Every structure is written in structure tokens, then in C-alpha cells.
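Listed below are the residues making up each chain.
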Amino acid sequence: MTKQIKSRERVTERGEVFTAEREVNAMLDLVKPECIRPDSRFLEPACGDGNFLSAILERKLAELRRRYKSAHRSYEIHAVEAIGSLYGVDIMRDNVEACRQRLFNIWDREYTSLCKDDCSNDTRDAVRFIIGRNIICGNALTLMCVDEAGNDTSEPIVFSEWALIGTTQMQRSDYTLSDLLLYRDNTNPDGNLFARDDDEEDTEGVFLKRYTTHYKKVHQNG
Ligand SMILES: C[S@@+](CC[C@H](N)C(=O)[O-])C[C@H]1O[C@@H](n2cnc3c(N)ncnc32)[C@H](O)[C@@H]1O
């Protein structure tokens with residue numbers, strides 16, 4: 001069993017008490033179907049070292065293994081989609097680093113064991129890049145990035161939406177977290193982070209950056 005507390009100071013200063021695996025799984029069981037869809041998005045605003053995100057990733061990858069055991073290309077692209085669906089914020093830099101590494105290790109272990117000789121280092125680099133953009137060192141209350149000491153900087157938290165287009169292309173669109181939360185509150189209270197009403201026009205102008213490229217090359221435009 002992993003430790004739930006690192007130090008008394010961290011509990012006092014940051015309320016850092018990690019959730020035990022049993023409780024994580026019991027909570028995820030409440031939204032079981034969402035946890036196995038590669039494109040269903042989750043944001044953990046105080047993610048610690050990723051107890052929830054890593055359990056969701058394991059569930060998503062297990063489902064993909066079941067579906068695409070002998071179709072390595074399909075597995076690969078949907079596994080990239082799955083990692084792109086997970087978002088986290090934590091104010092402690094060491095937690096953010098640990099969370100990123102943990103997600104990458106889970107992703108790569110599964111990828112390597114399933115795709116074997118079909119694995120590509122370009123895909124691994126793309127996944128590292130996506131994790132680096134999705135797991136952010138920031139203050140979930142002010143929605144700003146933080147410095148080493150945990151103080152707010154002048155940079156807002158910006159998340160990238162990763163959307164699969166066809167069988168090889170991925171579109172990245174960047175939004176500030178504050179815009180995403182505003183948008184969701186105003187137009188889509190029950191929707192997920194980037195959800196849009198199909199009848200609405202795309203919110204051109206809200207995103208900060210957008211490009212479409214091969215999913216193995218997302219990091220080359222970043
Ligand atoms: C109770 S722990 C939960 C960690 C993880 N979600 C889990 O369930 O194992 C709270 C986490 O929130 C982080 N935290 C505290 N204040 C924060 C803030 N204003 N913004 C983002 N993260 C914060 C702490 O560093 C800590 O990792």
C-alpha cells in the first residue's frame with residue numbers, strides 16, 4: 001500500500017493526504033463506462049501524484065487492449081487519445097513531476113508489451129509532450145501557474161484539447177482553464193471540460209492556438 005501522507009508540514013500547508021487505492025476504485029466505479037472510453041475527459045484539479053488519473057488510465061488501456069489486441073495501429077492511436085484525455089493540476093512541483101512520470105510509465109509499459117516491434121519512439125515522444133501539457137503545476141483556486149515556491153505567476157493555466165481527426169490526424173486547441181470553466185458554466189453545466197453543443201457554432205477566437213498534425217508529431221509544432 002502506498003503512503004497517504006508525506007509529511008506533517010505538507011498536510012498542514014497544502015492539505016496533502018493521498019487517497020487510498022480502494023477509495024479511488026470505489027469512486028471510479030460510480031462512473032465506470034466513462035473510465036473505459038478513450039475520449040472521455042477527466043480533470044483532477046488537485047491531482048497529487050495522480051492516484052485517480054493513473055487508475056483511469058489503467059482502465060482505459062485495459063479496454064483498448066481488449067478491443068485492439070491484434071490491431072497495433074488502432075491500439076496506438078487510441079492509446080494516444082486516451083492519454084490526451086487526462087488533465088491534472090497540482091501546486092507542488094514534485095507531485096506534478098511524479099504524476100507525469102507515473103502516467104508515462106503506465107502508458108509505456110502497456111504500449112511496449114502490446115505493440116512490441118511495432119512501437120515507435122516518435123509516439124513515445126508525442127505522449128511525453130501531451131503529458132507535459134496536460135499535467136500542470138498551478139493553483140486550481142486562482143487558475144494561474146505557480147513558481148517553485150507555489151506562488152502564482154502571471155501565466156494562466158492553459159490546457160490543450162486533443163481531438164482525433166480521421167485515422168492519423170490530431171488537432172490541438174489551447175484554451176485557458178478560466179475560459180473553459182466559464183464556457184462550461186454558461187452553456188454546458190453537465191458537459192465535460194471541452195464539451196460543445198453540436199448545434200452551436202465553434203467558438204472561434206476563444207482558443208489561443210490551434211494546429212492539426214499527424215498524431216506522432218504533435219510535439220514538433222509545440
Ligand atoms: C488531499 S491531496 C489529494 C491528492 C490526490 N487528488 C489524491 O486523491 O490522492 C490534495 C492535493 O492538492 C494539492 N493542492 C493544495 N492546494 C492546491 C491548490 N490551490 N491548487 C492545486 N493543488 C493544490 C496538494 O499539493 C495535494 O497534492
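Definitions and cut-offs
Residues numbered from 1 in each chain as written. Predicted model: local features only at pLDDT ≥ 70, side-chain atom pairs only at ≥ 80, totals over all residues. Heavy atoms only, no water. Helix = DSSP H or I, 4+ residues; strand = E, 2+ residues; numbered from the N terminus. Polar contact = N/O pair within 3.5 Å; in protein donor to acceptor, adjacent residues only side chain to side chain. Contact = heavy atoms within 4.5 Å. Pairing = 2+ DSSP bridges. Axes fitted to C-alpha atoms, helices over the stretch in contact; angles between N-to-C directions. Salt bridge = Lys/Arg side-chain N within 4 Å of Asp/Glu carboxyl O. Buried < 20%, exposed > 50% of the residue type's maximum accessible area, 1.4 Å probe, protein only. Parallel < 35°, antiparallel > 145°, perpendicular 65-115°, else oblique. Left-handed = near helix turned anticlockwise from the far one by under 90°. Nonpolar A, V, L, I, M, F, W, Y, C, P; charged D, E, K, R; others polar. Phe/Tyr/Trp six-rings, centres within 6.5 Å; stacked < 30°, edge-to-face > 60°.

### Considerations on the side chain of R124
Phase 1: Residue position: R124 is located in helix 7 (residues 121-134).
Phase 2: In this structure the side chain of R124 is engaged in a polar contact, spanning 3.1 Å, whose partner is the side chain of T112.
Phase 3: Not counting residues up to four positions away in its chain, the partners in contact with R124 are F104, D108, Y111, T112 and C119.

### Focus: the sheet that holds strand 7 (residues 169-176)
Phase 1: Read across the open sheet, the three strands follow the order 6-7-8; overall the sheet is antiparallel. The two strands at the open ends of the sheet, each matched to only one other strand, are strand 6 (158-165) and strand 8 (209-214). Pairs of neighbouring strands in the sheet enclose a mean axial angle of 20°, with direction left out of account.
Phase 2: Along the sheet face, helix 5 (residues 72-84) touches strand 6 and strand 7 and points at about 155° away from the line of strand 6.
Phase 3: The strands touched by helix 7 are strand 6, strand 7 and strand 8; relative to strand 6, the strand with the most contacts, the crossing angle is about 140°.

### With respect to the pattern of salt bridges
Phase 1: Summed over the entire model, instances satisfying the criterion amount to 20 salt bridges.
Phase 2: Close ionic contact of R93 with E148 constitutes a salt bridge, the shortest N to O distance being 3.1 Å. Of this pair, R93 sits in helix 6 (residues 93-115) while E148 sits in the loop between strand 4 (144-146) and strand 5 (152-156), and the two are 55 residues apart along the sequence.
Phase 3: Note that R133 and D174 form a salt bridge whose closest N and O atoms lie 3.5 Å from each other. One end of the pair, R133, is in helix 7; the other, D174, is in strand 7, with 41 residues separating them in the sequence.
Phase 4: Take D174: its relative accessible area is 5%, and that puts it in the buried class.
Phase 5: When salt bridges with common partners are traced through the structure, they connect K6, R10, E16 and D94 into a single cluster.

### A word on the sheet that holds strand 1 (residues 42-44)
Phase 1: Strand order in the open sheet made by the five strands is 1-2-3-4-5, with mixed pairing throughout. Of all strands in the sheet, those bounded by a partner on one side alone are strand 1 and strand 5. Averaged over neighbouring strand pairs, the angle between their axes works out to 45° when direction is ignored.
Phase 2: Pairing of strand 2 (residues 86-90) with strand 3 (residues 135-139) involves three bridges; the strand directions are parallel. By the bridge assignment for strand 3, V89 is matched with I136.

### Focus: the packing of helix 2 (residues 21-29) against helix 4 (residues 51-68)
Phase 1: The contact between helix 2 and helix 4 brings their axes to 10 Å, and the two run at 60°. On the basis of their axis angle, the class for helix 2 and helix 4 is oblique. Here helix 2 runs over helix 4; the crossing is right-handed. Residues V24, N25, M27, L28 and D29 of helix 2 pack against N51, F52, A55, I56 and R59 of helix 4.
Phase 2: Residue classes in the contact of helix 2 with helix 4 are distributed as six nonpolar, two polar and two charged.

### What about the pairing of strand 6?
Phase 1: Pairing of strand 6 with strand 7 involves eight bridges; the strand directions are antiparallel. Opposite L164, over in strand 7, you have M170 as the bridge partner.
Phase 2: Count of turn residues in the strand 6/strand 7 antiparallel hairpin: three residues, of which G166 carries a positive phi of about 65°.

### A closer look at the packing of aromatic side chains
Phase 1: Evaluated as defined, the whole model comprises four aromatic pairs.
Phase 2: Judged by centre distance (6.5 Å) and plane angle (75°), the rings of Y175 and F207 are edge-to-face. One end of the pair, Y175, is in strand 7; the other, F207, is in the loop between helix 8 (177-187) and strand 8, with 32 residues separating them in the sequence. F207 shares its class with Y175; the two are buried.

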